[in-house]
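A structural walkthrough
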Amino acid sequence: QVQLVESGGGLVQDGGSLRLSCAASGGTFSRYVMGWFRQAPGKEREFVAALRWSGGPTYYGESVKGRFTISKDNAKSTVYLQMNSLKPEDTAVYYCAADYSRFGLVTTAHDEYDYWGQGTQVTVSS
């Protein structure tokens, strides 16, 4: 059973940085797409970033382009989300997700992802 465990959330000031981690276990991830999503109170879950575990380009939501970076460490089975120049509107619960993608297709639709972590709170104060 695939398990995803996020860590690294917290409280940061406007303009600050945080790095989230997502430790993956319980599967062979070479055909998985790994994504980060976020959900603020009263809002729908929003795509943040994604990559293929097998390598290749990275993908970002418009609101985070140029500020956030998704990366992975194969040896540690961990995906990261480096968040710089944080803004109060980035405040949300951030989720790591895994999508088994046989042909490597990357989707931004949250309901296409098969496994989810428990989420980690990120709060940006103004």
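In case you missed it, the structure is sitting above this.
Presented here is an overview of the structure given in this document. This structure is a prediction, so every number in the text was calculated from the model and none was measured. (Residues numbered from 1 in each chain as written. Predicted model: local features only at pLDDT ≥ 70, side-chain atom pairs only at ≥ 80, totals over all residues. Heavy atoms only, no water.)

1. A word on the state of the cysteines
Scanning the entire structure with this criterion turns up 1 disulfide. Put simply, Cys 22 and Cys 96 are joined by a disulfide, and their sulfur atoms are 2.0 Å apart. Where Cys 22 bonds to Cys 96 through sulfur, the torsion about that S-S bond is close to -75°, and the disulfide is left-handed. Taken as a pair, Cys 22 in strand E3 (residues 18-25) and Cys 96 in strand E9 (residues 92-100) lie far apart in primary sequence, 74 residues in all. When sorted by exposure, Cys 22 lands in the same class as Cys 96, which is buried. (Disulfide = S-S within 2.5 Å. Helix = DSSP H or I, 4+ residues; strand = E, 2+ residues; numbered from the N terminus. Buried < 20%, exposed > 50% of the residue type's maximum accessible area, 1.4 Å probe, protein only.)

2. Remarks on the pattern of salt bridges
Under the defined criterion, the tally for this structure stands at 4 salt bridges. Where Arg 38 meets Glu 46, a salt bridge forms, and the shortest distance between an N and an O atom there is 2.8 Å. Classification of Arg 38 as buried rests on a relative accessible area of 6%. One salt bridge connects Asp 90 with Arg 67, and the closest N-O pair in it is separated by 2.7 Å. Taken together, the positions of Asp 90 in the loop between strand E8 (78-83) and E9 and Arg 67 in the loop between strand E6 (58-60) and strand E7 (68-73) put the pair 23 residues apart, joining distant regions of the chain. Here the salt bridges share partners, and the residues they tie into one network are Arg 38, Glu 46, Arg 67 and Asp 90. (Salt bridge = Lys/Arg side-chain N within 4 Å of Asp/Glu carboxyl O.)

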